[in-house]
Amino acid sequence: FSRVWHHNASSVPVNMVSRRRGTWGPDDKGEDNSRNLFNRVYSNQYSPDLGNGDEASGDGFTYRGHGLIQVTGKYAFREFGKTQNPVMTPLEAVQYAKSIRGAAMVSAWFFMPFKRCYICADVNDFEGVVLLTAGMRKLPGPDKDHDGKGDGDIIAYPDRLKRWEQCCLVLGAV
């Protein structure tokens, strides 16, 4: 159950761990080390856009990914909480996201009003949706997928596109 609803240390990408290693290593899988890892990689030093405090604040672990799509960061939970109840705190929003209903609600909120994915989805712009949800992260360098754009590639784009096409087939949304 916990692997589906919130991040744990085994779900963190290897490249994130290797870039930000210090208090956590690949052989450290215990609860205390998970706290150290999340507090480091999601601190304001490494991820300032998340709205978390410094490593010592504990925000990285508290506001790690929750919900069906792993919404992450104090800022996101503050904004989500406002849509549920004007006086809901970020911490209360995290607790709500741990419930089945809350996990679905925070995920729907992330895609629709927060990231405004409907703008791209309404015109079947899959790349636009990926760029919005991935925070405009692209691999630097040449145009490896040879699409003629010469602007680098979206991280794991071919795999994302394949999965999207499979979902469309299953849902009859071709």
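Here is what the cut-offs are and how they apply
Residues numbered from 1 in each chain as written. Predicted model: local features only at pLDDT ≥ 70, side-chain atom pairs only at ≥ 80, totals over all residues. Heavy atoms only, no water. Buried < 20%, exposed > 50% of the residue type's maximum accessible area, 1.4 Å probe, protein only. Helix = DSSP H or I, 4+ residues; strand = E, 2+ residues; numbered from the N terminus. Arc of directions from axis to C-beta. Core = buried A, V, L, I, M, F, W, Y, C linked by side-chain atoms within 4.5 Å. Contact = heavy atoms within 4.5 Å. Axes fitted to C-alpha atoms, helices over the stretch in contact; angles between N-to-C directions. Parallel < 35°, antiparallel > 145°, perpendicular 65-115°, else oblique. Nonpolar A, V, L, I, M, F, W, Y, C, P; charged D, E, K, R; others polar. Salt bridge = Lys/Arg side-chain N within 4 Å of Asp/Glu carboxyl O.

Asks: How would you explain helix 6 (residues 90-97) if you had to name every residue and give the values?
Replies: Taken as a whole, helix 6 has its buried residues at Pro 90, Ala 93, Val 94 and Ala 97. The arc that holds every buried residue of helix 6, seen down its axis, measures 100 degrees, which confines them to one face.

Asks: Lay out the nonpolar core with the relevant residues and their values.
Replies: Within the largest apolar cluster, twelve residues are counted, these being Tyr 63, Val 71, Ala 76, Phe 77, Phe 80, Met 88, Ala 93, Val 94, Ala 97, Val 106, Trp 109 and Phe 110. Those elements giving two or more residues to this core turn out to be helix 5 (74-84), helix 6 and helix 7 (100-114). The residues touching Phe 77, leaving out its near neighbours within four places in the chain, are Tyr 63, Arg 64, His 66, Val 71, Thr 72, Pro 90, Ala 93, Val 94, Ala 97 and Val 106. Core analysis: the second largest hydrophobic core is formed by six residues, Phe 38, Val 41, Leu 50 and Phe 61 among them.

Asks: How would you explain the packing of helix 5 against helix 6 if you had to name every residue and give the values?
Replies: Two numbers describe how helix 5 lies on helix 6: the axes approach to 8 Å, and their chain directions differ by 80 degrees. Between helix 5 and helix 6, the interaxial angle falls into the category roughly perpendicular. Residues Lys 74, Phe 77, Arg 78, Phe 80, Gly 81 and Gln 84 of helix 5 touch helix 6, and the partners they reach there are Pro 90, Ala 93, Val 94, Tyr 96 and Ala 97. The residue makeup of the contact of helix 5 with helix 6, split by class, is seven nonpolar, two polar and two charged.

Asks: Explain the pattern of salt bridges to me, using residue names and the numbers behind them.
Replies: All chains considered together, the criterion is met by two salt bridges. Between Lys 82 and Glu 79 there is a salt bridge, and its shortest N-O distance comes to 3.1 Å. Of this pair, Lys 82 and Glu 79 both sit in helix 5, three residues apart, which is roughly one turn of the helix.

Asks: Which residues make up unusual backbone geometry, and what values do they have?
Replies: Working note: non-glycine residues mostly have negative phi, and peptide bonds are mostly trans. The backbone of Asn 124 sits at a positive phi, close to 60 degrees, despite the residue not being glycine. Relative to the assigned elements, Asn 124 resides in the loop between helix 8 (118-121) and helix 9 (126-133).

Fair warning: the whole summary comes from geometry, so function is off the table for now.
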